[in-house]
Amino acid sequence: MWRIGMGYDLHRTEAGRPLILGGVRIESAVGLAGHSDADVVLHAVSDALLGAAGLGDIGELYPDTDPAFAGADSAVLLRDVVQRVAGEGLGVVSVDVTVVAERPKLSAHKGRMRETIGELVGLDAGRVGVKAKTNEGVDAVGRGEAIACYAVALVGPREG
Ligand code: MG
């Protein structure tokens, strides 16, 4: 049976922190605050996959109160999520992402983000969507105080 899941995440921006979105390091005056590497995109994708497989959420599986996950590479967490999903007899069919960031401009990075997310979840880039939006200057995201991400993921019976 095919199952769909959705994920959402938001991290505050912070000067002097790296900006890593979808596993891609992006040149920027500000990065994202967080206990881990604060990759808001991979966090949303991870939650979408966990939701689709009925496995909870990253907050309960990788608690930010656990020193083991301080500075954690979100790519490692996502690979672990894919393993857990596979443990349920499910494979990833497609992933679709919308990042909401006022700055920097992300259009030049979307292709690499698709490829990187695809490598992490075991999909061709053609089955990974990445859209970038601004928040039209409205609210905290629009003022550049945070970056948010929405993701959906479809999983289905593993082939072979
Ligand atoms: Mg997060």
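Above this text is the structure in question.
No experiment lies behind these values; they were computed from the predicted model shown.

So, about the pattern of salt bridges. Using the criterion set out here, one finds 3 salt bridges in the structure. Between D80 and R84 there is a salt bridge, with its nearest N and O atoms 2.8 Å apart. Linking D80 with R84, this pair stays in helix α3 (residues 74-87), spanning 4 residues, or about one helical turn. The class of R84 is partly exposed, set by a relative accessible area of 33%.

Note on the magnesium ion: its protein donors are D9 (OD), H11 (NE2) and H43 (ND1). The metal-donor distances range over 2.1 to 2.2 Å. Sequence positions of the donors to the magnesium ion reduce to the motif D-x1-H-x31-H. Residue D9 shares its accessibility class with H11, and that shared class is buried.

Applying the stated rule across the entire model yields 1 aromatic pair. Measuring from centroid to centroid gives 5.0 Å for Y8 and Y150, while their planes differ by 45°, and the two rings are tilted. You can see Y8 sitting in strand β1 (residues 3-15) and its partner Y150 sitting in strand β7 (residues 146-157), a full 142 residues away along the chain. A relative accessible area of 43% means that Y150 is categorised as partly exposed.

Right, let's get into unusual backbone geometry. Note that the residue after R103, namely P104, is joined by a cis bond; omega there is -5°. Although it is not a glycine, A38 adopts a positive phi angle of roughly 65°. With respect to the helices and strands, the residue A38 is situated in the loop between β4 (30-32) and α1 (40-53). Even without a glycine there, the phi angle at D139 is positive, about 65°. Structurally, D139 can be placed in helix α5 (residues 139-142).

In this section: the nonpolar core. Membership of the largest hydrophobic core comes to 45 residues, with the highest contact counts inside it found for L21, V41 and L49. Within the residue set of this core, elements represented by two or more residues are β2 (19-21), β3 (24-26), α1, α3, β5 (90-100), α4 (110-121), β6 (128-133) and β7. Ranked by residues supplied to this core, first place goes to α1 with 10 residues. When sequence neighbours within four positions are dropped, the list of residues in contact with V41 reads L21, G22, V97, V99, M113, I117 and C149.

What follows deals with the side chain of D9. Mapping D9 onto the fold places it in strand β1. Of note is the side chain of D9, whose polar atom sits 3.1 Å from the side chain of H11. Beyond its immediate chain neighbours, meaning those up to four positions away, D9 contacts V40, H43, A44, I147, A148 and C149.

Our next topic: the packing of α3 against α4. Helix packing geometry: the angle between the two helix axes and the distance between the axes. In contact at an axis separation of 8 Å, α3 and α4 are set at 45° when each is read in the N-to-C sense. The pairing of α3 with α4 is recorded here as oblique in orientation. Listed contacts from α4 to A75, L78, R79 and V82 of α3 are E119, L120 and V121. In the contact of α3 with α4, the residues fall into 5 nonpolar, no polar and 2 charged.

Inspection of the sheet shows β5 paired to β6 by 6 bridges, in the parallel sense. Bridged to V95 within β6 is V128. Once you follow β5 into α4 and on to β6, the crossover reads as right-handed.

Reading the values: the criteria
- Residues numbered from 1 in each chain as written.
- Predicted model: local features only at pLDDT ≥ 70, side-chain atom pairs only at ≥ 80, totals over all residues.
- Heavy atoms only, no water.
- Salt bridge = Lys/Arg side-chain N within 4 Å of Asp/Glu carboxyl O.
- Helix = DSSP H or I, 4+ residues; strand = E, 2+ residues; numbered from the N terminus.
- Buried < 20%, exposed > 50% of the residue type's maximum accessible area, 1.4 Å probe, protein only.
- Donors = N, O, S within 2.8 Å, 3.2 Å for Na, K, Ca; no water.
- Phe/Tyr/Trp six-rings, centres within 6.5 Å; stacked < 30°, edge-to-face > 60°.
- Core = buried A, V, L, I, M, F, W, Y, C linked by side-chain atoms within 4.5 Å.
- Contact = heavy atoms within 4.5 Å.
- Polar contact = N/O pair within 3.5 Å; in protein donor to acceptor, adjacent residues only side chain to side chain.
- Axes fitted to C-alpha atoms, helices over the stretch in contact; angles between N-to-C directions.
- Parallel < 35°, antiparallel > 145°, perpendicular 65-115°, else oblique.
- Nonpolar A, V, L, I, M, F, W, Y, C, P; charged D, E, K, R; others polar.
- Pairing = 2+ DSSP bridges.
- Right-handed = clockwise from strand over helix to strand, strands pointing away.

Geometry only, nothing functional implied.
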